[in-house]
There are 12 protein chains.
Amino acid sequence: MMSNKVFVLNGPNLNMLGKREPGIYGDITLDSIAQLCRDKGNALNLDIDFRQTNHEGTLVDWLHEANEGVSGVVLNAGAYTHTSVALHDAIRSILTPVIEIHISNVHAREEFRHKSMIASASKGVICGFGPNSYTLAIQAFADIRNS
Amino acid sequence: MMSNKVFVLNGPNLNMLGKREPGIYGDITLDSIAQLCRDKGNALNLDIDFRQTNHEGTLVDWLHEANEGVSGVVLNAGAYTHTSVALHDAIRSILTPVIEIHISNVHAREEFRHKSMIASASKGVICGFGPNSYTLAIQAFADIRNS
Amino acid sequence: MMSNKVFVLNGPNLNMLGKREPGIYGDITLDSIAQLCRDKGNALNLDIDFRQTNHEGTLVDWLHEANEGVSGVVLNAGAYTHTSVALHDAIRSILTPVIEIHISNVHAREEFRHKSMIASASKGVICGFGPNSYTLAIQAFADIRNS
Amino acid sequence: MMSNKVFVLNGPNLNMLGKREPGIYGDITLDSIAQLCRDKGNALNLDIDFRQTNHEGTLVDWLHEANEGVSGVVLNAGAYTHTSVALHDAIRSILTPVIEIHISNVHAREEFRHKSMIASASKGVICGFGPNSYTLAIQAFADIRNS
Amino acid sequence: MMSNKVFVLNGPNLNMLGKREPGIYGDITLDSIAQLCRDKGNALNLDIDFRQTNHEGTLVDWLHEANEGVSGVVLNAGAYTHTSVALHDAIRSILTPVIEIHISNVHAREEFRHKSMIASASKGVICGFGPNSYTLAIQAFADIRNS
Amino acid sequence: MMSNKVFVLNGPNLNMLGKREPGIYGDITLDSIAQLCRDKGNALNLDIDFRQTNHEGTLVDWLHEANEGVSGVVLNAGAYTHTSVALHDAIRSILTPVIEIHISNVHAREEFRHKSMIASASKGVICGFGPNSYTLAIQAFADIRNS
Amino acid sequence: MMSNKVFVLNGPNLNMLGKREPGIYGDITLDSIAQLCRDKGNALNLDIDFRQTNHEGTLVDWLHEANEGVSGVVLNAGAYTHTSVALHDAIRSILTPVIEIHISNVHAREEFRHKSMIASASKGVICGFGPNSYTLAIQAFADIRNS
Amino acid sequence: MMSNKVFVLNGPNLNMLGKREPGIYGDITLDSIAQLCRDKGNALNLDIDFRQTNHEGTLVDWLHEANEGVSGVVLNAGAYTHTSVALHDAIRSILTPVIEIHISNVHAREEFRHKSMIASASKGVICGFGPNSYTLAIQAFADIRNS
Amino acid sequence: MMSNKVFVLNGPNLNMLGKREPGIYGDITLDSIAQLCRDKGNALNLDIDFRQTNHEGTLVDWLHEANEGVSGVVLNAGAYTHTSVALHDAIRSILTPVIEIHISNVHAREEFRHKSMIASASKGVICGFGPNSYTLAIQAFADIRNS
Amino acid sequence: MMSNKVFVLNGPNLNMLGKREPGIYGDITLDSIAQLCRDKGNALNLDIDFRQTNHEGTLVDWLHEANEGVSGVVLNAGAYTHTSVALHDAIRSILTPVIEIHISNVHAREEFRHKSMIASASKGVICGFGPNSYTLAIQAFADIRNS
Amino acid sequence: MMSNKVFVLNGPNLNMLGKREPGIYGDITLDSIAQLCRDKGNALNLDIDFRQTNHEGTLVDWLHEANEGVSGVVLNAGAYTHTSVALHDAIRSILTPVIEIHISNVHAREEFRHKSMIASASKGVICGFGPNSYTLAIQAFADIRNS
Amino acid sequence: MMSNKVFVLNGPNLNMLGKREPGIYGDITLDSIAQLCRDKGNALNLDIDFRQTNHEGTLVDWLHEANEGVSGVVLNAGAYTHTSVALHDAIRSILTPVIEIHISNVHAREEFRHKSMIASASKGVICGFGPNSYTLAIQAFADIRNS
């Protein structure tokens, strides 16, 4: 039977959410988003493990950890999205599907945010929906389980 | 009161779905996806208007039509995604929010599919979830109405 | 004797003028511009045929139509300016001179609007003068007739 | 038994042939080329369906139409050759083989004509032989039928 | 009351007009163009101050001079158009509007003439109309005064 | 009277045909292709001189030799197609027309095979038809002789 | 009252200073620079907190820590200067101003050191003055406090 | 004994300071900055020679003049920073050290201001500190004299 | 006497070896490679210290550690090979020679793996030999000691 | 039984070894390297056939010759490494594995030596070890035979 | 009768010759070069007019002056060689042939010195011969007069 | 005593001189140029050895031959100028100075002729003087012998 655990992994600076550039990210905090995710998880019978780190290597560690007993990873890799070959390889090194998400519409921001190093290794991408980017990704995993 | 009408607009070659490259797009037909969208719309009390055309100009016409009495547009612009400044401008010319979607994960395909001319004008992007890319976008509009 | 007919052809999204991004385009409508053009034409004894379409192929058709019995074409190709080799070839396929115009100063906008695919095939370019870009182009054709 | 129908599809501005830049394209008209194709078809027992349009979407429609009951498509996509991802996808969406042709040697002309968006999806490419580019392509389909 | 003075500033090599490459620039001299401008100015009640220099720094000086008591600058910056950040900044350092003009259609010439460093700082651009590029720009300032 | 001699020149690695990457080139040998060419030549009253070398300089020598008493050159320059300015110049140094051919559709292969250094100097290009690329080129020379 | 605390943060390999490439960096050690900074801080009544790490994530952590109770950050991000979007975002996520410094003149070194990912998010940049780059930056914060 | 003279050289458009784009440059005039520099010079026993020109060639002349009897040059080359190989060479042609400065943080502005042609020839770079960029550079020369 | 210690350092995702993409990396685990290295070291009288980390900063730390008492470093930096200026600098900051290795032939994989940021700072590069890439590098250090 | 013959093929200018740029290549001659290779071959029971040519076509010829009765090719293609598509294809046209080697670390030299046209077709790459690059490659073939 | 006057024009920083970077330019002064040129002129019956300026505009002025009564211009444009479209146009604006020269071999120096904006407008280029670059150019004009 | 032998080496297609594109190269033959060179050599007491080949490898062989007993090489490498790293290395592998020459002004021709792979390894470059490019280079060697 497939695990009902879903990792929600957050990369650098997302701990500053709510304090940082509300014009772009809104004023919701990461704690509130964690709660939103857990609520959504409860509704869909998914067990959410929500984490944040500023360290690229720790994101790699966590992705490896997700290789067993986890049915999906929602990954907001923040700035590492645009530069990290290590994350690309980490995603490819595991069988668990990963969904890349972003709170803002990265394509409407600076040029260097248009390129994702991890999208091609991911299952899919969701961006631009604010905190709902998280819940839509969780919904997507529920859809996959049901199909 | 906000309209409950949602346009789901499909661009070139999507009428060939099911016949075309099932390795990439699966074997579901566009008619089945239309039905999925209507089912999802019914569940969320949204009225789905589902269309397809191979003509860039017709997509522009339909986007203008969506400027009044429509609460959202789900846009799978197909190949025009990567080349059409006209669609970019059409999206910016209307107040109705537009969500760019793709059935496949375009970032895992040819280089020329990595660039979107319309993402920066759209509300957000969802790609890689097969037919569920459509239903997740409809869900996103329902979330916006509820927030 | 040279025809006194001048085509004024408008491309995609220009029908939304007045409704769309007034910060860039002002709040004048396309109908008002058509009237300005006709007034200017009357003053200069030129017969203005003013049209708009969102379809690239229709612009090509109209340019071919202008090959006979028309002394000049004022062309605001909108977004197709930046991508259309077909319009470039259409302009070169006719003997009637074509003037490329833009309402806004495209060079002060996004990078992708700085390049014109049609300028090198046109007689000249006028941009940045709001609705007067149209009347200056009509004036230019009158100047050519008088020289 | 394989159909003996061959589509010969012509894109934008080719209706101006004979009137347009004879230094590049010669002074033969499209009607004469159609006749050459039909003559060649008769000699090879192939039924030629010869068409022209300035609309990218119409070329896409016609390629889809060729998916059934047609043994080959000779495609002179004109300017859309260099920009159209939609045509690339349309060719890939059908099983009928497509041969890209050009009247002139596009590699000896402007830089922007050196790149073809459709060649990689086509069976092969023939360019530079004037009207004979058409008849060589028809010959190539006859060769395929005989092999 | 707004000044009726208009500067017409000419950059490097324009003093050679008439002697230089008549195939591109025609055989009219700069003195004749100055007279055309003064005639047009008289007709529109504008006082034309017509100058030429081969020195980039002098063009900067003159633009600063135009900051007071001048209602518009017609600027044919010649070769400096394509390289001068200093002129870009000079135009932005003054409130008087500047119109960039060119005698020839620069987009139909060498690649390095396609890029303008000053267009994005200017009010608008007019090119390709021979000496009429000057008079159309003067007309444009008259239009602005009347609107 | 025009010579009825046609050179068919083959560049590097084509001697390995049949042994090399049959998925791309098929399993036909160069000897069989030579025979096909001679048969086609016989049918069209053309005298085929078929050669192969791995040396760029030898291809240049042979092209010079073709300057006299030869009515056409079919050139499959193999890898040198993509890098050789020397072949470009050699083609331009002779009056005899040259047709560039390829067995495979080079545009559907690696990026570095998309660019041809010799196409712009050649009469035309034929690629993607397997051994028939050779016979179509010979046909093209026969067409030229007959026109 | 504004805090008198200033962070001086050093990135990867700066702990090797004095041992590493003295031709570029001189033979002073990081400890000596720390002492120079503290001396300068004492003279200007600023409390210097001097740190070094080889971990990008730790630099991000420290920048977040500087968001409260710190009046300025002197940041020598070493190699991460040229690649780290995470540091760019971290600087933008805090209100405390950051000054980017370098010991050597990075513009006179390898091409890949010419581009800074963090300069556009910083208050200003100082480079090329050896250990004085640090003290000039501390002086700059004192100037800001006094203005 | 080393000269105590320091040149402070200002390039194009800096004479417009205070009148020009106060959002970027503040409202201080160049005269006030000259006074700040002289005050800083007095405090550090340096004799400041403060100049401005819009002419690239004059900046070159002044740099040559600084080759003798001058201990340092503070150079705000304005727009010529980004384009002038002549200034690069002039700096390298003299033994007197040169510090490149900018009032604004050029890296946070348009792309074309990110590249400096003169940084690699200079001793160091200081930018982003408003008028203090000047006084920090003067301080840097005092530091060099004291070391 | 030179130390007989050799570091073998492994970067991100190499701990997943054997689980990850066996088509590219084979099914050998990192533990087996460690054993191979120790066996090779024993045969050549070298003391192998074999480590793995997913953290870029830790690789930098270890390279610094290798500066004393270590005669060589075999470095498989994995994904950081292609992005890390910090590793480039770390290699240059130590006197101990470093050999860059890769299990697979990186040049036969994705474009972004073709560029190495660390090769130019390393003694040499060995790639494509599977686990033997490690033992060949150890052999190379033995050769250096014997020469 | 697998052949024990190994080709060691050297490209242009390697005959000048010892006379040419000893700072880069050392002062060993190609004859001495041949002897080193034969010694290494003897130790590993491999029969070394060592050759040099300045002709690209001859290298292609020799690679084809290696297709039968040869168990491996050590290829120092010298300058042709960076430009030759013909060598790339020759390597792919044979089944015998090829190892690309270089005496110097090409990545630490001019930009145009960083790109290899043949690496992606080769089994692996070894560079930077002086004459030992040859013996390590021979060792690699022995390892392959033993595995 | 053709004039025997030859202009030798020198651009920015050449007045510093002998003081500046003798490793690149040698220790000869510009005065000595002027004397060499006059001696060579005397030997060939050419009247040398030797000048230097740091101002781009002055070089343009002098080129215009050379349009009448001058049989050739030897132009060492120094740094302006690489950036000046104005000089390109000035050379094209006159009938007098211009030879571009450089003392050093610019192709063996920094990348930005490899591109010349003026070479394509000049008669020919001579570089790398030290002061002899001047005398060879004077010889070239004598050759032209004699042919 | 220095040898008085000078090699004049000619690359691909130069044997076609006089037959090939007289608009670019004039109608003089290579034999006539050889005679011009021998005459010039006689006048300057230099012994000219004049050769031509279409083979890159032969040019490399001849450059090696020039390493002993030859005082200079005049090299017109033709098309190989723009692509040959092998020639670049060959020039650097010998002590004899090499002068790169071209008959035409390559900078006024196609873009791919603007880049020279050999200029940076050569003593100097002379181009654009027709057959005199050869004699000027011979003069340059005489100047070197006399200095």
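Just above sits the structure.
Calculation criteria
Residues numbered from 1 in each chain as written. Chains lettered and ligands numbered in written order. Predicted model: local features only at pLDDT ≥ 70, side-chain atom pairs only at ≥ 80, totals over all residues. Heavy atoms only, no water. Helix = DSSP H or I, 4+ residues; strand = E, 2+ residues; numbered from the N terminus. Rg over C-alpha atoms; globule rule 2.2 N^0.38 Å. Least-squares fit on C-alpha atoms with pLDDT ≥ 70 in both. Contact = heavy atoms within 4.5 Å. Salt bridge = Lys/Arg side-chain N within 4 Å of Asp/Glu carboxyl O. Buried < 20%, exposed > 50% of the residue type's maximum accessible area, 1.4 Å probe, protein only. Expected span 1.5 Å × (residues − 1). Disulfide = S-S within 2.5 Å. Buried area = accessible area lost by both parts, 1.4 Å probe. Polar contact = N/O pair within 3.5 Å; in protein donor to acceptor, adjacent residues only side chain to side chain. Nonpolar A, V, L, I, M, F, W, Y, C, P; charged D, E, K, R; others polar. Pairing = 2+ DSSP bridges. Axes fitted to C-alpha atoms, helices over the stretch in contact; angles between N-to-C directions.

1. Section: the overall build of chain A
Point 1. The number of helices and strands found in chain A is 5 helices and 5 strands.
Point 2. Along its sequence from the N terminus, chain A presents helices and strands in the succession β-α-α-β-α-β-α-β-β-α.
Point 3. The C-alpha radius of gyration computed for chain A amounts to 14 Å, which stays within 12% of the reference 15 Å derived for 147 residues, consistent with globular compactness.
Point 4. Taking the principal axes of its C-alpha atoms as reference, chain A extends roughly 45 × 30 × 25 Å.

2. Considering the relation of the copies chain G and chain H
Point 1. With an RMSD of 0.0 Å, the operation that places chain G on chain H is a rotation of 180 degrees combined with a shift of 0.0 Å along the axis. One copy is carried onto the other by what is essentially a two-fold rotation axis. Ranked by how close their C-alpha atoms come to the rotation axis, the residues of chain G are headed by G:Ile126, at 2.3 Å.
Point 2. Comparing interface residues between copies, 100% of those in chain G also lie at the interface in chain H; the contact surface is shared.

3. Regarding the arrangement of the chains
Point 1. Here chain B and chain E are not in contact; the least distance found between their C-alpha atoms is 20 Å.
Point 2. A gap remains between chain B and chain L, with no contact made and the closest C-alpha atoms lying 26 Å from each other.

4. What about the pattern of salt bridges?
Point 1. The final tally for this structure, using the stated rule, is 76 salt bridges over all chains.
Point 2. Its salt-bridge partner being I:Glu110, residue A:Arg92 comes within 2.5 Å of it at the nearest N-O pair. Placement of A:Arg92 in helix α4 (residues 85–92) and of I:Glu110 in the loop between β4 (98–102) and β5 (124–127) is noted, with the two residues assigned to different chains.
Point 3. For A:Arg92, a relative accessible area of 24% translates into the label partly exposed.
Point 4. As a salt-bridge pair, G:Asp89 and A:Arg113 come within 2.8 Å of each other at their nearest N and O atoms.

5. Quick word on helix α5 (residues 132–146) of chain L
Point 1. Relative to the 21 Å expected for 15 residues at 1.5 Å per residue, α5(L) spans 21 Å between its end C-alpha atoms, a close match to the ideal helical length.
Point 2. Most of α5(L) is tucked away, with 11 of its 15 residues classed as buried.

6. A word on the state of the cysteines
The bond known as a disulfide is covalent and runs between the sulfur atoms of two cysteines.
Point 1. Tallied over the entire structure, the rule returns 0 disulfides over all chains.
Point 2. Considering cysteine sulfurs only, J:Cys127 is the nearest to I:Cys127, which forms no disulfide, with 8.4 Å between them.

7. Details of unusual backbone geometry
Point 1. Phi is positive for D:Asn13, which is not a glycine, with a value near 75 degrees.
Point 2. Along the chain, D:Asn13 falls in the loop between β1 (5–10) and α1 (22–25).
Point 3. If you check the backbone angles, E:Asn45 has positive phi at about 60 degrees while not being a glycine.
Point 4. Tracing the sequence through the fold places E:Asn45 in the loop between α2 (30–43) and β2 (47–52).
Point 5. A residue is classified by how much of its surface remains accessible, and E:Asn45, at 54% relative accessible area, is exposed.

8. Examining the interface of chain G and chain H
Frequently, the measure chosen for interface size is the accessible area removed from exposure when the parts meet.
Point 1. The interface is formed by 20 residues belonging to chain G together with 20 residues belonging to chain H.
Point 2. Roughly 1700 Å² is buried in total at the junction of chain G and chain H, and carbon and sulfur atoms are behind 61% of that figure.
Point 3. Of all residues in chain G, G:His107, G:Phe129 and G:Leu136 bury the most surface against chain H, accounting for 29% of the area lost on that side.
Point 4. Taken together, chain G and chain H are joined by 0 salt bridges.
Point 5. Between the two partners, chain G and chain H, sit 6 residue pairs in polar contact (both at pLDDT 80 or more).
Point 6. Breaking the side of chain G that touches chain H down by element, the ones donating at least two residues are β5 (124–127) and α5 (132–146) of chain G.
Point 7. Top contributing element to the side of chain G that touches chain H by residue count: α5(G), with 6 residues.
Point 8. A per-class count over the side of chain G that touches chain H returns 9 nonpolar, 9 polar and 2 charged.
Point 9. As paired strands, β5(G) and strand β5 (residues 124–127) of chain H are joined by 3 bridges and run antiparallel to one another. If you follow G:Cys127 over to β5(H), its bridge partner there is H:Val125.

9. Examining the sheet that holds strand β3 (residues 72–76) of chain L
Point 1. Spatial strand order, β2(K)-β1(K)-β3(K)-β4(K)-β5(K)-β5(L)-β4(L)-β3(L)-β1(L)-β2(L): 10 strands in an open sheet with mixed pairing. On the outer flanks of this sheet lie β2 (47–52) of chain K together with β2 (47–52) of chain L, each paired with one strand and no other. Averaged over all neighbouring strand pairs, the angle between strand axes comes to 20 degrees, with direction disregarded.
Point 2. Bridge count for strand β4 (residues 98–102) of chain K against strand β5 (residues 124–127) of chain K is 4 bridges, and the pairing is parallel. By the bridge assignment, K:Ile101 is partnered in β5(K) with K:Ile126.

Keep in mind that these numbers describe shape and distance, not what the molecule does.
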